[in-house]
Structures are given as structure tokens and as C-alpha cells.
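# Inside the fold
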Amino acid sequence: MRRRLVAAIVLVLCASPAFAAMQAKPVTWKIGKESFTGVLVYDDVNAIKRPGLVMVPNWKGVSPAAVERAKHIAGDDYVVLVADVYGSKIRPKDDKAAGKVAAPLRADRPKLRARIEEAVKVLKAQAGKAPVDASRIGALGYCFGGSTVLELVRGGSELAGVVTFHGGLATDLPAKDDGVRTPVLVLNGADDRGITDQDIANFEKEMDAAGADWQFVNFSGAVHCFAEPEAANPPGCVYNERAAKRAERMMRDFFAERFASP
């Protein structure tokens, strides 16, 4: 009898949230002959399906820091795919190396767009393997990653929503008139030297012409990289705790609204 009681207690404890673990599993896919490897992140607290988010990191790409950020965002609310848009063997070690691999993609928007669109398909395909609801998918990105997820908006993808943190706004492949199907939230540092007033005006004009549901938020005193705790390269790339906390709260509120049941 005592053994049965102990076994029952162990079973209950092991099934409780305290024993849940945050998963971070590599996922590999191909576009043509090129191989890509992202990381699927979620809490296995239960098997209840939850929305999925494609997260594109800054120009350092898939990295331990990016995976930790994904864990923070995922919690027990989301399944997050840390998207690889460079290729499985390309993992920049520093800003100089990152710049060399990011620049060609910035200059080739069709290729960048194809790669992020494929990442969305990969996340949807995880349904049944992970607790993701393939009918409720969004995306977010930081810096270069923010520029990347805007390509989903501009390309006409139909997602629940897209959020960009201090991402570039300029493009040589703008959205088509009345062609945007995904709501977008832009979180921008008001003192970001890489974003000009003209960039902002052009973006707003582009989104209006495309019929977009868009929001643009400027954070005073914030420069580029303001939402990334590891950013410490003054004066142009610096973490701003106040702006970062407000921006994350806005991001969470945005997705909560977009994923809410009708």
C-alpha cells in the first residue's frame, strides 16, 4: 500500500508544472540545395496547442543569446522558431563577420523574403510534433531580424501579426498597393541614427498605400539595439531598460489581441 502511495505521489509531482522543461530543439530544412538550421523553443508544461512565433535574431543569426531570448518570449504562451536565414554552417562570431553575411541579403530582398517565408512554413509543419497551432502564427525580429520580418508583411503573407524591434525600414522591394494582409507593430528608438525621418515617412506612406493595419512607436532616448540586454556598443547600439520593457509589453499585448479567440 505504501509503495502504491509513493508511486502515486511521484506520478503527480512529475506531471506537475514544476517538472516541465523548456525545450530547445534543432530543426533543419532546405531551400534548393541550401540547408538551414533553426531552433524550436517551447515549454512542455502540457500538450495544449498554442500560437507560434517565428523569431529572427539580429545579424549574429542563430546563437545561444538568441535561443535564450526565444525562451523568455515563449514562456508557456508560445512555440518559437528561432529562424535561420543564413544557412546551417554560417554562424557569425562578431559584428564584422555578421555584416559580411547580412549585407548581401539586404541587397537581395527576393532571396531574403523567400527564406523567411520558408521559415514560416517550417514552423507550421511542426504541428503534431510540438504544441503549436498552425492556424495562429506571427513573427518578430530584432535589428536585421526586424527588417527581415517586414518582408513577410511586404510580400503579402497572411499572419496574425508581425513585430519589429529597432529594425531597418528602407527597402527596394516595397509592398504592392493594397497588398498587405498582416498587421504590423514597429517599435523604434527615437534616437536611432540608422533610421531617418525620411525612412519613417516613406514607410508610413508605403503602408498606407498597401492598406496595412500598422502602428509605429518611437521611444525617446532609445538608440539602435535598445531591446537587447547584451547590447553595449555606445553610442549607436545600447540597451535601454525602460524602452525595452515598454516595448516588450506592447509586443505581448499586440500578440495577445491578434491571437485572441473570436
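Our subject in this report is the structure included herewith. As a convention, each chain's residues are numbered from 1 in the sequence order in which they are written. Totals for whole chains, interfaces and linings use every residue, but because this is a predicted model, local features are given only for residues with pLDDT of at least 70 and side-chain atom pairs only at 80 or more, for both listing and counting. Processing note: side-chain calculations cover all non-hydrogen atoms of the structure and skip hydrogens and water entirely.

Okay, the overall build of the chain next. Put simply, DSSP H or I for four residues or longer makes a helix, DSSP E for two residues or longer makes a strand, and each gets a number counted from the N terminus. The helix and strand tally for the chain stands at seven helices and 10 strands. Radius of gyration: C-alpha atoms only; globule rule: 2.2 Å multiplied by the number of residues to the exponent 0.38. Since a compact globule built from 262 residues should have a radius of gyration of about 18 Å, the 19 Å found for the chain is in line with a globular shape. Overall size of the chain, expressed as C-alpha extent along the three principal axes, is 75 × 40 × 40 Å. To sort residues, take the accessible area from a 1.4 Å probe on protein chains only and compare it with the maximum for the residue type: under 20% means buried, over 50% means exposed, and anything in between is partly exposed. Within the chain, buried positions represent 47% of all 262 residues. Only heavy atoms enter the contact rule, under which two residues are in contact if any of them lie within 4.5 Å. The contacts of the chain with a sequence gap of at least 6 include a subset with a gap of at least 24, amounting to 66%. Within this scheme the basic residues Lys and Arg register as positive and the acidic residues Asp and Glu register as negative, but His and the chain ends are omitted. By convention, charge coordinates are those of NZ in Lys, CZ in Arg, CG in Asp, or CD in Glu. Each charge class in the chain was averaged separately, 36 positive and 32 negative side chains, and the resulting centres sit 9 Å apart.

Between rings of Phe, Tyr and Trp, where Trp is taken as its six-membered ring, a pair exists when centres lie within 6.5 Å; planes separated by under 30 degrees are stacked, by over 60 edge-to-face, and by other angles tilted. Under the defined criterion, the tally for this structure stands at nine aromatic pairs. Judged by centre distance (5.4 Å) and plane angle (50°), the ring pair of Phe219 and Phe226 falls under tilted. One exposure class covers both Phe219 and Phe226, and it is buried. Ring-pair connections join several aromatic residues into one group, and the members of that group are Tyr78, Phe254, Phe255 and Phe259.

The next point concerns empty space enclosed by the protein. Each cavity reported here is a set of points on a 1 Å grid over the protein atoms alone in which a 1.4 Å probe fits but cannot get out, each pocket an open set with protein on both sides within 12 Å along at least five of seven lines, and each lining residue one with an atom within 4 Å of a point. Grid points are joined across faces, edges and corners, and a volume is the space filled by probe spheres set on the points. The final tally for this structure, using the stated rule, is one cavity of 30 Å³ or more. Of the voids in this model, the largest cavity is the one considered here, and its volume is about 60 Å³. Looking at the largest cavity, the residues that line it are Val56, Pro57, Asn58, Gly61, Val62, Ala83, Asp84, Val85, Tyr86 and Phe144. Residue composition of the lining of the largest cavity, grouped by class: seven nonpolar, two polar and one charged. Residues are grouped as follows: Ala, Val, Leu, Ile, Met, Phe, Trp, Tyr, Cys and Pro are nonpolar; Asp, Glu, Lys and Arg are charged; all remaining types, including Gly, are polar.

Moving on, we get to the pattern of salt bridges. The working definition used for a salt bridge is a side-chain nitrogen of Lys or Arg within 4 Å of a carboxyl oxygen of Asp or Glu. Scanning the entire structure with this criterion turns up 12 salt bridges. When the shortest N-O distance is used, the salt bridge between Asp95 and Lys60 registers 3.5 Å. With Asp95 in helix H3 (residues 95-106) and Lys60 in the loop between strand S3 (50-56) and helix H2 (64-74), this residue pair connects regions lying 35 residues apart in the sequence. Overall, Asp95 belongs to the partly exposed group, its relative accessible area being 36%. Judged by relative accessible area, which is 25%, Lys60 ranks as partly exposed. Among the charged side chains, a salt-bridge network with shared partners connects Arg109, Arg113, Glu151, Arg154 and Glu206.

Take the side chain of Arg50 next. Counting through the fold element by element, Arg50 comes out in strand S3. Put simply, Arg50 is tucked away with no salt bridge, and the nearest opposite charge, on Asp43, sits 5.7 Å away. Non-local contacts of Arg50, meaning those with residues more than four positions away in its chain, are made with Asp43, Val45, Asp76, Asp77, Tyr78, Val79, Pro131, Val132, Asp133 and Arg136.

Criterion for a disulfide: a pair of cysteine sulfur atoms within 2.5 Å. Under the defined criterion, the tally for this structure stands at one disulfide. Between Cys225 and Cys237 runs a disulfide, and the two sulfur atoms are separated by 1.9 Å. Taking the torsion about the S-S bond as the criterion, the Cys225 to Cys237 disulfide, at about -105°, is left-handed. Taken together, the residues Cys225 in the loop between strand S8 (214-219) and strand S9 (232-233) and Cys237 in strand S10 (residues 237-238) connect sequence positions 12 residues apart. For Cys143, which is in no disulfide, the shortest distance to another cysteine sulfur is to Cys225 and amounts to 4.2 Å.

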